[in-house]
Amino acid sequence: MRGQGHACLTRRARVALVAAGLFAVGTAALAQMSAEIVPPLTGAAQPMDELPADPTPKWTVDDIRKMRAYPDQPPLIPHSIEGYQLSVNTNRCLSCHKREFTQGSGAPMISVTHYITREGQMLADVSPRRYFCTACHVPQADTAPLVGNTFTDMSKLGVGHAGDE
Ligand code: HEC
Ligand code: HEC
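These lines cover the structure that appears in this document, whether it is placed above or below.

What counts, and where the lines are drawn
In every chain, residue numbers begin from 1 and rise along the written sequence. Here every chain gets a letter starting at A, and every ligand a number starting at 1, in the order they are written. For this predicted model, a pLDDT threshold of at least 70 governs which residues receive local features, and a threshold of 80 or more governs which side-chain atom pairs are given and counted, while totals over whole chains, interfaces and linings are taken from all residues. Each side-chain value is derived from all of the structure's non-hydrogen atoms; neither hydrogens nor water enter the calculation. Only buried residues count toward a nonpolar core. Its members are Ala, Val, Leu, Ile, Met, Phe, Trp, Tyr and Cys residues joined through side-chain atoms within 4.5 Å. Only protein chains enter the accessibility calculation, which uses a 1.4 Å probe; a residue whose area is less than 20% of its type maximum is buried, one above 50% is exposed, and one in between is partly exposed. By the convention used here, residues are in contact when the closest approach between their heavy atoms is within 4.5 Å. Only a single heavy atom is needed: when it lies within 4 Å of a molecule or strand, its residue is near that molecule or strand. For the purposes of these results, a polar contact is taken to be a pair of N or O atoms within 3.5 Å, where, inside protein, one atom must be able to donate a hydrogen and its partner to accept one; residues adjacent in sequence count only when each atom of the pair is a side-chain atom. For this classification, the nonpolar set comprises Ala, Val, Leu, Ile, Met, Phe, Trp, Tyr, Cys and Pro, the charged set comprises Asp, Glu, Lys and Arg, and every other residue, Gly included, is treated as polar.

**Describing the nonpolar core**
1) Next: Counting 5 residues, the largest nonpolar core is built from Leu-94, Ile-110, Tyr-115, Val-126 and Tyr-131.
2) Next: Excluding anything up to four places from it in sequence, Tyr-131 contacts Leu-86, Ser-87, Val-88, Asn-89, Thr-90, Asn-91, Leu-94 and Val-126.

Written out as structure tokens, the structure is:
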């Protein structure tokens, strides 16, 4: 019995050793891969160097509503949001975009989805999950993209368009 227990242990130890070896090799390979995948956003500079900051890019504030890249995209903010308070107590965005205020502000109303809770219940006011607008809606800055992008619009993927004929 004793011998059997011993043999069992050594086998287990061997399995553990092989697993540890595989894990080490795997992590090293992953680290190398991620070094290649992760784009060097900070450039060639050493992270601890003291570098002069680039000038802050200009926001795109031309008031022209941008086309959405896909139907479910939260539209980009085409105006300045500088100094707009967005906190638990105050939501400057809603003072223009809420249904009740859109006639005076001329702003597009937050869509019906913004009034629906995650349980699918329709509320009279904005749903808590849609309160912090800038979690989803972002302004754009006039800068060159940091990384390449091969995004293809879904309407260019060879599907027939409704209403084309
Ligand atoms: C003073 C009124 C006002 C305030 C405050 C305001 N907006 Fe707007 N917003 C507008 C108007 C008007 C438009 C229509 C485009 C334009 O004129 O810039 C617009 C457009 C947008 C759009 C584009 C909608 C579309 O369909 O393309 C988004 C997104 C948006 N605003 C989000 C926000 C967010 C987020 C905030 C708060 C940080 C905010 N807005 C604060 C008036 C306002
Ligand atoms: C959880 C993400 C999320 C949050 C938070 C959010 N939105 Fe949206 N918003 C979207 C998405 C996605 C769309 C487009 C699809 C839709 O209408 O649901 C959208 C659409 C819009 C539109 C265009 C409506 C239309 O019919 O053209 C406006 C304006 C807008 N949001 C404003 C706001 C404002 C103001 C807030 C803050 C009170 C806000 N959103 C919070 C995701 C979000």
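**Observations regarding the site of ligand 1**
1) Next: Around ligand 1 sit 19 residues in total, of which Asp-63, His-79, Cys-93, Cys-96 and His-97 are the nearest.
2) Next: Side-chain polar atom of His-97 to a nitrogen atom of ligand 1: 2.8 Å apart, as the coordinates give it.
3) Next: Tallied by class, residues from the shell around ligand 1 come to 11 nonpolar, 4 polar and 4 charged.

**Concerning the site of ligand 2**
1) Next: Contacts to ligand 2 come from 23 residues, most closely from Ser-111, His-114, Cys-133, Cys-136 and His-137.
2) Next: Here an oxygen atom of ligand 2 sits 2.4 Å away from a polar atom, N or O, in the side chain of Ser-111.
3) Next: In the environment of ligand 2, a nitrogen atom lies 2.8 Å from a nitrogen or oxygen atom belonging to the side chain of His-137.
4) Next: Its residues assigned to classes, the shell around ligand 2 shows 11 nonpolar, 7 polar and 5 charged.

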